[in-house]
Amino acid sequence: MANVSITRSSFGRTEFNRECMKYTLSTSGGFEVALIDYGATIQSIRQIDKNNQVAEITLGYDNLQDYIDDKCYFGCTVGRVTNRIKNGYFQLDGHEYQLEKNDHGKHHLHGVFNKRLWKSSVENNETVVFKYLSPDGEDGYPGEVDVTVKYTLTYEHCLIIDFYATTTKATPINMTNHTYFNLAGHANGTILDHELMVAADRYTPLDAEHIPTGEIASVVDTPNDFRVLARIGDHINEIPYAYNVMYIVDGDGKRSFGKLVHRESGRAISVQSTQKGLQFYTGTYLDNNKGRDDVSYHKYSGLCLEAQNFTDSVNNQPRFPGTILRPGEIYQEQTIFHFYLE
């Protein structure tokens, strides 16, 4: 894209001496996005405020080892299946599959894409491309899956994320990006004063272990109602475990999912996607996690806006949209974050 530059540098080496590369995408107005090979991760986003002051607006780390040790999924690509699969188990085409139970030994959470060093390249001097070949049986999933994630920054400060996958066997696929945002700046307190709007009338209720009940419920007269812009902190204490909500965004194709606004700085993000829903998470389980600039991240230090298919869809069909990818098919989804001043 015009007026966008990409620079490439080393971000360190893994324990097997494999080099991790960092790509810095820059455009006008001091806007900058940094990406790394490890986990196909958004390592940094820097944006000006209404007073022309630049701040880091994502949670993350300064070095590769912290990403290797990370348990918060800061900025990474998650998959094969984002969110939880109940008991780490599903049946598909007459076969039973037991996945790694990496969520307190009970359920499967997110997969291992965030813990892999992806191959990377620059395409057409405007897009950073990450590729990973997930072997048959990885994490317990069937099929060899060829995955591509592309990040494109436009001069209008839109970050376009394209997800692609093909498989050799039928397998569930549901990928997203897991960036934590704090529009006040990553070191500037909580996100409780941010305002959120989500273009959704319904959501999928969860049980005490964050597994969908299978019900589809209305947001009306609940603390989950963000159909109009509302302050996140106003009702957060009315919900067990705060916000960790899958919203159903009706429609097909690329469409508006909502927006996030921080009045004091003037920073804002709008979200568009082709996905089925939006997972809104308020960093409930952050607990003195040491991040970049030696900043400690605590509960509510950041929030995630994860465009994705429904949680545990592989065990809730046909009530939830399907997530099964079959040989000969192409998984293709897109999410766009537009960063601007309001």
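Criteria and cut-off values
- Residues numbered from 1 in each chain as written.
- Predicted model: local features only at pLDDT ≥ 70, side-chain atom pairs only at ≥ 80, totals over all residues.
- Heavy atoms only, no water.
- UniProt positions renumbered as here; feature names shortened; annotations may be inferred.
- Salt bridge = Lys/Arg side-chain N within 4 Å of Asp/Glu carboxyl O.
- Helix = DSSP H or I, 4+ residues; strand = E, 2+ residues; numbered from the N terminus.
- Buried < 20%, exposed > 50% of the residue type's maximum accessible area, 1.4 Å probe, protein only.
- Pairing = 2+ DSSP bridges.
- Axes fitted to C-alpha atoms, helices over the stretch in contact; angles between N-to-C directions.
- Phe/Tyr/Trp six-rings, centres within 6.5 Å; stacked < 30°, edge-to-face > 60°.
- 1 Å grid on protein atoms, 1.4 Å probe; cavity = no way out; pocket = protein on both sides within 12 Å on 5 of 7 lines; lining within 4 Å.
- Points joined across faces, edges and corners; volume = space filled by probe spheres on them.
- Nonpolar A, V, L, I, M, F, W, Y, C, P; charged D, E, K, R; others polar.

An unreviewed UniProt entry lists the protein under the name Aldose 1-epimerase, with Adineta ricciae as the source organism. Its UniProt record gives the protein a comment under Sequence similarities (unreviewed entry), which states: "Belongs to the aldose epimerase family."

Quick look at the pattern of salt bridges
Within this structure, the stated rule accounts for 15 salt bridges. The salt bridge partner of Arg 292 is Glu 56, with a shortest N-O separation of 3.6 Å. Residue Arg 292 is found in the loop between strand S26 (289-290) and strand S27 (296-297), and its partner Glu 56 is found in strand S5 (residues 54-56); the two are separated by 236 residues along the sequence. Neither Arg 292 nor Glu 56 differs from the other in exposure class; each is buried. Salt-bridge contacts for Glu 209 lead to Lys 106; the nearest nitrogen and oxygen are separated by 3.0 Å. Taken together, the residues Glu 209 in the loop between strand S19 (202-204) and strand S20 (217-218) and Lys 106 in the loop between strand S9 (95-98) and strand S10 (108-109) connect sequence positions 103 residues apart. Judged by relative accessible area, which is 33%, Glu 209 ranks as partly exposed. Taken together, the salt bridges that share partners define one network made up of Glu 195, Lys 259, Arg 263 and Glu 342.

Let's talk about the sheet that holds strand S17 (residues 180-181)
On the basis of which strands lie adjacent, the open sheet formed by six strands has the order S17-S28-S25-S22-S19-S20 and antiparallel pairing. The strands lining the two open edges of the sheet, one partner per strand, are S17 and S20. Sheet topology note: the S17/strand S28 (residues 303-308) ladder contains two bridges and is antiparallel. Each bridged residue has a counterpart across the sheet, and for Tyr 180 the counterpart in S28 is Cys 304.

What about the environment of Lys 71?
Among the structural elements, Lys 71 can be located in the loop between helix H1 (64-69) and strand S6 (77-78). Residue classification places Lys 71 among the exposed residues on the basis of a relative accessible area of 75%. Between the alpha carbons of Lys 71 and Thr 179 there is a distance of 13 Å; along the sequence they are 108 residues apart.

Remarks on the sheet that holds strand S2 (residues 19-26)
Strand pairing within a sheet occurs via backbone hydrogen bonds; the two strands may be parallel or antiparallel. Spatially, the five strands line up as an open sheet ordered S1-S2-S3-S4-S5, and their pairing is antiparallel. If you trace the sheet from one side to the other, it starts and ends with strand S1 (5-13) and S5, each paired once. Pairwise comparison of adjacent strand axes, ignoring direction, gives a mean angle of 20° for this sheet.

Overview of the packing of aromatic side chains
This model, assessed by the stated rule, comprises 21 aromatic pairs. Summarising the aromatic geometry, the rings of Phe 130 and Tyr 151 are spaced 5.8 Å apart at their centres and angled 85° between planes, so their arrangement reads as edge-to-face. One end of the pair, Phe 130, is in strand S12 (residues 127-134); the other, Tyr 151, is in strand S13 (residues 145-153), and 21 residues separate them in sequence. As far as burial versus exposure is concerned, Phe 130 and Tyr 151 are alike and both buried. With centroids separated by 6.5 Å and ring planes inclined at 45°, the aromatic side chains of Phe 337 and Phe 339 adopt a geometry described as tilted.

As for empty space enclosed by the protein
Counted according to the given criterion, the structure contains three cavities of 30 Å³ or more. Taken as a whole, the largest cavity holds about 50 Å³ of empty space. Every residue lining the largest cavity is listed: Tyr 38, Thr 41, Tyr 67, Asp 70, Phe 74, Cys 76, Asn 114 and Lys 115. Broken down by class, the residue content of the lining of the largest cavity amounts to four nonpolar, two polar and two charged.

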